[in-house]
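# Examining the three-dimensional arrangement
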Amino acid sequence: QDTKYRAFQSKLMPTVAPETVIGVRTPLLRNLAKELAGTAETADFLRVLPHAYYEENNLHAFLVEKIRDYDAALAETERFLPYIDNWATCDSGVPAVFKKHKNELLLHVYEWLDSDKPYTVRYGIGTLMRLYLDEDFDIKYALDVAKIRSKEYYVNMMKAWYIATALAKQYDAVLPILQERLMDSWSHNKAIQKARESYRITPQQKEYLSTLKV
């Protein structure tokens with residue numbers, strides 16, 4: 001336990017009760033997940049939901065990421081998603097095996113995007129950002145993210161993060177989303193802000209993006 005880190009981390013996660021944060025740094029949790037992956041203890045731990053502590057949720061996510069069987073990883077991901085209650089756990093990553101099954105995974109990603117649970121939606125957008133912005137990119141995915149309407153701050157922030165990252169990787173294809181104002185105003189402006197903060201966007205692109213604020 002690192003009590004200073006606990007206080008710092010708690011301030012970043014207003015949706016998490018401070019008394020449920022122990023104060024264990026992420027590298028230590030990832031090391032623990034590496035040690036426990038595939039053991040009987042892991043199987044027992046994954047069955048216990050909901051967890052009491054923030055770090056237990058993160059450890060759960062890290063353990064699921066290490067499952068090598070696609071069907072098992074997907075099943076455990078979908079079982080865990082309804083229990084995610086903060087952005088940090090939500091953004092911890094996706095199982096490595098998902099990268100080898102992008103076609104069949106896409107159906108589930110769209111189910112997550114249609115969820116009534118904000119962190120499930122955020123996870124879906126994050127999965128599109130992590131796995132489908134390079135050789136598997138389709139402008140349809142970006143358009144579908146832009147169409148999402150939510151009152152949830154952490155959903156809209158992920159929308160902005162996705163569009164900003166998409167601009168860095170697929171600038172010409174994604175730019176019309178901002179030119180045609182296909183997102184809500186808050187997400188639109190936040191996406192521009194994040195893109196202008198990115199080192200992957202050229203100075204000329206940043207200058208132009210600043211003219212698209214609403």
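Residues numbered from 1 in each chain as written. Predicted model: local features only at pLDDT ≥ 70, side-chain atom pairs only at ≥ 80, totals over all residues. Heavy atoms only, no water.

### A short note on the nonpolar core
The biggest cluster of nonpolar side chains holds 62 residues, and the ones touching the most others in it are Phe98, Tyr162 and Leu209. Excluding residues within four positions of it along the chain, Tyr162 makes contact with Ile125, Leu128, Met129, Leu133, Phe137, Tyr141, Ala142 and Val145. Of all hydrophobic cores here, the second largest spans five residues; its members include Met13, Val21, Tyr54 and Ala88. (Core = buried A, V, L, I, M, F, W, Y, C linked by side-chain atoms within 4.5 Å. Buried < 20%, exposed > 50% of the residue type's maximum accessible area, 1.4 Å probe, protein only. Contact = heavy atoms within 4.5 Å.)

### Examining helix 8 (residues 118-131)
Here helix 8 contains 14 residues, and its C-alpha end-to-end distance of 20 Å stays within 8% of the 20 Å for a straight helix at 1.5 Å per residue. Turning to helix 8, its buried residues are Tyr119, Thr120, Val121, Arg122, Tyr123, Gly124, Ile125, Gly126, Thr127, Leu128, Met129 and Leu131. (Helix = DSSP H or I, 4+ residues; strand = E, 2+ residues; numbered from the N terminus. Expected span 1.5 Å × (residues − 1).)

### What to know about the side chain of Gln9
Position of Gln9 among the secondary structure elements: in helix 1 (residues 3-12). Taking relative accessible area as the criterion, Gln9 reaches 7% and is therefore assigned buried. Of note is the side chain of Gln9, whose polar atom sits 3.0 Å from the side chain of Tyr54. Contacts of Gln9, omitting those with residues within four sequence positions, involve Tyr54 and Ala88. (Polar contact = N/O pair within 3.5 Å; in protein donor to acceptor, adjacent residues only side chain to side chain.)

### With respect to the packing of helix 11 (residues 171-179) against helix 13 (residues 203-210)
Packing of helix 11 against helix 13 leaves a shortest axis separation of 11 Å and a crossing angle of 15°. Comparing their axes, helix 13 and helix 11 come out roughly parallel. Crossing of helix 11 over helix 13 shows right-handed handedness. Counted together, Tyr171, Leu175, Leu178 and Gln179 of helix 11 and Gln205, Tyr208 and Leu209 of helix 13 form the full contact between these two elements. (Axes fitted to C-alpha atoms, helices over the stretch in contact; angles between N-to-C directions. Parallel < 35°, antiparallel > 145°, perpendicular 65-115°, else oblique. Left-handed = near helix turned anticlockwise from the far one by under 90°.)

### What about the packing of aromatic side chains?
Centre-to-centre distance and the angle between the planes together describe a pair of aromatic rings. Within the structure shown, the criterion is met by seven aromatic pairs. Ring centres of Trp112 and Tyr123 lie 5.3 Å apart, and the angle between their planes is 65°; this geometry places the pair in the edge-to-face category. Here Trp112, found in helix 7 (residues 102-113), pairs with Tyr123, found in helix 8; they are eleven residues apart in sequence, far enough to count as distant. Per residue, the accessibility class of Trp112 equals that of Tyr123, and both read buried. (Phe/Tyr/Trp six-rings, centres within 6.5 Å; stacked < 30°, edge-to-face > 60°.)

### Here we look at a positive patch on the surface
A cluster of basic residues, Lys34, Lys66, Arg68 and Lys100, forms a positive patch on the protein surface. Among the secondary structure elements, Lys66 is positioned in the loop between helix 4 (54-65) and helix 5 (70-80). Its relative accessible area of 39% is what places Lys66 among the partly exposed residues. (Patch = residues over 30% accessible without salt bridge, like charges linked within 9 Å, V, L, I, M, F, W, Y side chains within 5 Å. Areas by Shrake-Rupley, 256 points an atom, 1.4 Å probe, with all protein chains shown as cover. Salt bridge = Lys/Arg side-chain N within 4 Å of Asp/Glu carboxyl O. Lys, Arg positive; Asp, Glu negative; His and termini not counted. Charge placed at Lys NZ, Arg CZ, Asp CG, Glu CD.)

### Brief notes about helix 5
Within the sequence span of helix 5, burial applies to Tyr70, Ala73, Leu74, Glu76, Thr77 and Phe80. Projected down its long axis, helix 5 shows its buried positions confined to an angular sector of 170°, all on one face. Packed against the buried residues of helix 5 are helix 3 (40-47), helix 4, helix 6 (87-90), helix 7 and helix 8. The backbone nitrogen of Asp71 has a side-chain oxygen 3.3 Å away, supplied by the residue at the start of helix 5, namely Asp69. (Arc of directions from axis to C-beta.)

### Some words on the environment of Asp69
Considering the arrangement of structural elements, one finds Asp69 in the loop between helix 4 and helix 5. Separated by 16 residues in sequence, Asp69 and Tyr53 place their C-alpha atoms 27 Å apart. Within the structure, the side chain of Asp69 is placed 3.3 Å from the backbone nitrogen of Asp71, a separation counted as a polar contact. Polar side-chain contacts of Asp69 include one of 2.8 Å to the backbone nitrogen of Ala72.

### Quick look at unusual backbone geometry
Geometrically, the link from Leu49 to Pro50 is a cis peptide bond, its omega value of 0° lying close to zero. Its place among the elements puts Pro50 in the loop between helix 3 and helix 4. Notably, Arg181 is not glycine yet its phi reads approximately 55°, a positive angle. Here Arg181 is to be found in the loop between helix 11 and helix 12 (185-197).

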